[in-house]
Amino acid sequence: MKTQPEHGRVLLVDDDAMIRMLAAESLRHAGFEVSEADCGEQALRVFEESPFDLMLLDVLMPGIDGYTVCERLRRHPRGQWLPILMLTGLNDSESIERAYRAGATDFITKPINWLLLTQRVRYGLRASHAIALVTHSQQRLAHAQRLARMGSWEWSIAEQRFSWSDELQQIFSGDWKLAGAATPERFLDMVRESDRATVGAARQALLFEGTAYQLTYGIDRPDATLCEVFEQAVAVRDGSGRIITIEGVTQDITERVEAQRRIQHMALHDGLTGLANRQFFSQLVEVELERSRRDKSACAILYLDIDHFKTVNDALGDAAGDQLLCTLAERLRAEVRGADLLALKPPVRTAEVVARIDGDAFTVLVLEVRAASHAALVAERLLKTISLPLLLGGSEIVLTASIGIAVFPRDGKTVETLWRHAEQAMYAAKATGPSTCHFFDKEMNAAASVKLGLENALRRAIGNDELRLHFQPKVDAGSGRLLGAEALVRWQHPQRGLLGPDQFIGLAEESGLIVALGDWVVTAAARQLRQWQDAGLPPLRLSINLASPSFLQEDIADRLDDALRRAGVSPGQLLLELTESLLMVDAESTIARLNRLREKGFGLSLDDFGTGYSSLSYLKRFPLDELKIDRSFITDVTLGDKDAAIALSVIELGRRFGMQVVAEGVETRAQAGFLLAHGCPIQQGYLYSPPIAADDFAALLRRGDRFDRGLSAQTAE
């Protein structure tokens with residue numbers, strides 16, 4: 001009989017068709033016979049029908065996950081010693097430990113290195129075969145132990161005797177005969193403290209219930225070195241079914257684990273900086289492009305090259321140049337580890353989305369690109385980071401870089417195309433001048449430049465008194481009486497004139513200015529309320545929109561309360577409008593934050609109701625004062641179709657929950673009459689008034705006009 005099988009039958013289980021295809025092709029090319037299953041249920045059925053030598057099993061699948069499949073196979077007579085290699089993108093210790101507890105032989109992380117996959121499968125088959133020989137042939141045991149650095153032990157329950165092989169004693173690096181009688185307790189004491197409870201529990205389950213186990217754990221040797229071992233143990237019963245002996249096999253896998261780590265790191269990382277290399281970066285981009293195709297989303301490749309680095313390197317020497325590159329790599333790694341990058345599926349460390357691909361050239365993968373300016377903003381931050389002074393040998397050095405940007409799918413649909421176009425754009429940036437970025441597409445580049453300029457102007461505008469509040473009345477359609485107003489921000493741009501929120505709110509969100517903008521709105525609204533109050537004008541309640549980043553601040557209630565009290569205004573004069581999608585993020589924390597705002601006296605409104613993802617079970621728990629029917633449902637409300645049904649449902653829902661309902665975007669008398677007739681008198685829209693400047697609104701308050709006269713005039717027209 002051969003000591004090591006050259007080929008074998010492999011069952012590949014993964015719900016990702018692309019990974020199955022690539023893995024199966026690699027294994028078949030290496031001579032393995034491969035069967036496939038796309039879910040846990042199918043894997044169990046196929047396993048029942050045919051024997052296999054090894055299983056590659058994905059962890060996360062719909063239906064039965066990989067952990068459950070593994071546990072069921074270990075209870076199957078043919079699956080007890082089957083090598084099971086888990087395919088997982090969950091690169092964390094808890095997930096790995098769970099895989100081993102489920103009975104996994106080993107794990108392979110995603111994205112899969114196809115060069116190493118067949119070697120890992122071959123190793124799994126060889127190890128499995130070695131264990132089978134140990135189990136079935138005592139004569140071959142010593143030889144297998146020497147080859148595999150594997151020791152055996154036996155625990156006789158009846159005789160209270162614990163024995164071990166010479167190889168096991170070598171693995172533990174201790175002379176137990178000289179140190180005293182070996183016992184299961186002494187054996188367990190050498191297990192790494194963090195693993196001791198797991199190993200102890202597994203041995204107790206084996207001793208009392210006969211549950212076989214497979215575990216990987218660490219040993220603290222007497223010489224203070226750490227050894228990683230893989231252990232398997234089974235119970236031996238007598239004719240009456242009583243457990244009389246525990247037999248175990250422990251293998252030293254320290255060298256394999258360390259070699260695997262070194263090989264994987266060398267294969268996927270740059271030797272100087274530790275960043276991802278060209279090969280690994282390409283794999284990551286390929287994964288992201290596939291996800292973006294499915295989600296119909298965009299991503300971007302940034303190609304970054306240090307300006308005149310060769311001159312600096314020649315002047316300082318190669319050693320100093322390498323030190324500069326390592327410092328720059330750390331800066332880039334830290335800079336992209338923020339909100340611009342999301343976790344890949346399968347997850348990887350976000351730091352590895354930065355790569356050093358050649359000399360002084362780096363690439364960055366930017367995910368979830370909502371607009372071209374998003375990638376440009378990331379590029380601008382990287383340029384600023386690189387241009388920060390560097391200290392080297394007591395001298396201060398300032399470097400600049402040029403960045404080219406290619407956006408998927410606009411600038412290319414493959415890794416190679418995007419890479420090439422980003423590089424071309426980088427050379428275009430170099431031609432423009434130092435410390436610049438350039439898009440591959442000229443139109444996109446021009447638009448992004450305009451948007452970047454607008455961002456800088458908006459940053460200045462917040463502190464330069466360029467922002468204005470306009471006010472749109474809320475009206476009782478039945479009486480025409482003014483009930484309140486919504487405060488809406490405008491930007492009085494020095495060159496472009498008065499800009500509406502649609503021209504800069506999105507930019508404020510992308511650039512991180514939305515919190516500062518929101519603080520300005522609250523302060524300005526409070527100040528305006530105080531001015532009207534001092535002028536003797538009738539009191540009213542103002543509504544303002546509260547953006548998600550502002551609401552999610554832990555101290556938002558205190559911040560708002562302080563702003564109003566500094567202006568001498570009561571929180572009860574402010575109604576905070578929140579969106580559905582915002583409220584559904586961590587609903588329990590949201591409810592606590594809403595209650596805190598309510599305790600302070602603020603009114604709470606749910607804006608654009610019906611356009612988000614609210615759960616009514618949560619809605620009834622939210623302490624809300626007002627529901628606003630989104631304008632998209634008002635446009636065709638008189639036609640009696642689905643929009644009318646939604647609007648009427650919101651009105652009834654608000655009545656049942658004790659909330660006032662406001663219809664926004666009312667533009668025709670027919671819409672106003674329909675809503676009024678069906679129990680929604682509070683309305684807002686151009687039928688009554690567009691948003692108007694503070695002075696015009698104050699004049700409206702002084703006159704005390706009723707809007708029914710204006711409504712009649714518009715109807716006559």
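Residue numbering note: each chain is counted from 1, following its sequence as written. With pLDDT at 70 or above as the cut-off, local features in this predicted model cover only qualifying residues; side-chain atom pairs require 80 or more to be listed or tallied, and sums for whole chains, interfaces and linings still use all residues. Think of the side-chain values as coming from all heavy atoms in the structure, minus any hydrogens and water.

Draft legend 1. Structural view of the sheet that holds strand S3 (residues 54-58). DSSP bridges decide pairing: two strands pair if at least two such bridges lie between them. Each helix is a run of DSSP H or I of at least 4 residues and each strand a run of E of at least 2, with the numbering of both proceeding from the N terminus. Within the open sheet, the 5 strands sit side by side as S2-S1-S3-S4-S5. Their pairing is parallel. The open sheet has two edge strands, strand S2 (33-37) and strand S5 (106-109), and neither has a second partner. Between one strand axis and the next, the sheet turns through 20° on average, direction left out of account. Where strand S4 (residues 84-88) and S5 come together, 4 bridges link them in parallel fashion. Directly across from Thr88, in S5, lies its bridge partner Thr109. Here, residues are in contact when the closest pair of their heavy atoms is within 4.5 Å. For helices, the fitted axis covers only the stretch in contact; all axes are lines through C-alpha atoms, and the angles between them, taken along N-to-C directions, range from 0 to 180 degrees. Sheet strands in contact with helix H3 (residues 66-74) are S3 and S4, and its direction is about 175° off that of S4.

Draft legend 2. The packing of aromatic side chains, seen in detail. Only Phe, Tyr and Trp rings take part, Trp by its six-membered ring, and two of them pair if their centres are within 6.5 Å. Stacked means planes under 30 degrees apart, edge-to-face means over 60, and tilted covers everything else. Overall, the coordinates contain 7 aromatic pairs when judged by the stated rule. Judged by centre distance (5.7 Å) and plane angle (40°), the rings of Phe471 and Phe697 are tilted. Of the two residues, Phe471 is situated in strand S18 (residues 467-476) and Phe697 in helix H28 (residues 694-703); the sequence distance between them amounts to 226 residues. Three exposure classes are used, based on accessible area relative to the maximum for each residue type with a 1.4 Å probe and protein chains only: buried under 20%, partly exposed in between, and exposed over 50%. Under the relative-accessibility criterion, Phe471 is labelled buried at 1%. Taken together through their ring pairs, the aromatic side chains of Phe471, Trp532 and Phe697 make up a single cluster. It is Arg593 that lies over the ring of Phe551; its NZ or CZ is 5.4 Å from the centre. Two conditions define a charge located above a ring, namely a distance within 6 Å from the ring centre to NZ of Lys or CZ of Arg, and an angle within 35 degrees of the ring normal.

Draft legend 3. Spatial organisation of the pattern of salt bridges. One side-chain nitrogen of Lys or Arg within 4 Å of one carboxyl oxygen of Asp or Glu is enough to make a salt bridge. Counted according to the given criterion, the structure contains 37 salt bridges. The partner of Lys628 in a salt bridge is Glu486, with the nearest N and O atoms 3.1 Å apart. Of this pair, Lys628 sits in strand S24 (residues 626-629) while Glu486 is found in strand S19 (residues 482-493), placing the two residues 142 residues apart along the sequence. Judged by relative accessible area, which is 0%, Lys628 ranks as buried. Here Glu486 falls in the buried class, since its relative accessible area comes to 5%.

Draft legend 4. The environment of Leu324, seen in detail. When you line up the elements, Leu324 lands in helix H14 (residues 318-336). Once residues lying within four places of it in the same chain are set aside, the contact partners of Leu324 are Phe309, Val312, Leu316, Leu390, Leu392 and Ile397.

Draft legend 5. Representation of H3. Among the residues making up H3, those that are buried are Gly66, Tyr67, Val69, Cys70, Leu73 and Arg74. Viewed along the axis of H3, the buried residues span an arc of 165°, placing them on a single side of the element. Buried-residue contacts for H3 involve helix H2 (40-49), S3, S4, helix H4 (93-101) and strand S8 (213-220). Residue Asp65 occupies the N-cap position of H3, its side-chain oxygen lying 3.3 Å from the main-chain nitrogen of Tyr67. For this quantity, the arc is that covered by the directions from the helix axis to the C-beta atoms. Definition of a polar contact: a pair of N or O atoms within 3.5 Å, with one able to donate and the other able to accept a hydrogen when the atoms are protein atoms, and with sequence-neighbouring residues admitted only if both atoms are side-chain atoms.

Draft legend 6. Highlighting the nonpolar core. Take the buried residues of types Ala, Val, Leu, Ile, Met, Phe, Trp, Tyr and Cys, join any two whose side-chain atoms come within 4.5 Å, and each joined set is a nonpolar core. Ranked by internal contacts, the top residues of the largest apolar core, which has 85 residues, are Leu469, Phe471, Trp491, Trp532, Leu576 and Phe697. With 11 residues, helix H19 (residues 514-534) is the largest single contributor of residues to this core. Among residues more than four places away in sequence, those in contact with Phe697 are Phe471, Pro473, Leu482, Gly484, Ala485, Trp532, Leu540 and Ile692. Ranked by size, the runner-up nonpolar core spans 39 residues in total, among them Leu328, Val366, Leu392 and Ala401.

Draft legend 7. Highlighting the packing of H19 against helix H21 (residues 556-567). The contact between H19 and H21 brings their axes to 8 Å, and the two run at 35°. Our pair here, H19 against H21, has a crossing hand that is right-handed. In contact with Val515, Asp519, Val522, Ala526, Arg527 and Arg530 of H19, H21 contributes Arg559, Leu560, Ala563, Leu564 and Ala567. Polarity classes work like this: nonpolar for Ala, Val, Leu, Ile, Met, Phe, Trp, Tyr, Cys and Pro, charged for Asp, Glu, Lys and Arg, and polar for all others, with Gly in that last group. Taken together, the residues of the contact of H19 with H21 break down into 7 nonpolar, no polar and 4 charged. Each crossing gets its handedness from the near helix: less than a right angle anticlockwise from the far helix is left-handed, clockwise is right-handed.

Draft legend 8. Spotlight on unusual backbone geometry. Along the chain, Lys110 connects to Pro111 via a cis peptide bond; the corresponding omega equals 0°. Phe408 connects to Pro409 through a cis peptide bond whose omega is 5°. With a phi close to 50°, Glu368 is a non-glycine residue in the positive phi region. Here Glu368 lies in the loop between strand S13 (361-366) and helix H15 (372-386).

Draft legend 9. Region of the structure containing the sheet that holds strand S11 (residues 299-306). Judged by pairing direction, the sheet is mixed, and its 5 strands sit side by side in the order S12-S13-S11-S16-S17 without closing on themselves. The two strands at the open ends of the sheet, each matched to only one other strand, are strand S12 (354-358) and strand S17 (436-439). Going from strand to strand, the sheet's axes swing by 25° on average, the running direction of each strand aside. In the sheet, S11 pairs with S13 via 6 bridges, with the strands oriented antiparallel. Each bridged residue has a counterpart across the sheet, and for Leu304 the counterpart in S13 is Phe362. Sheet contacts for helix H12 (residues 278-295): S11, S12, S13 and strand S16 (401-408); angle to S13, the most-contacted strand, approximately 20°. Seen against the sheet, helix H16 (residues 415-432) touches S11, S12, S13, S16 and S17 and runs at an angle of roughly 145° to S16.

By themselves these figures say nothing about function.
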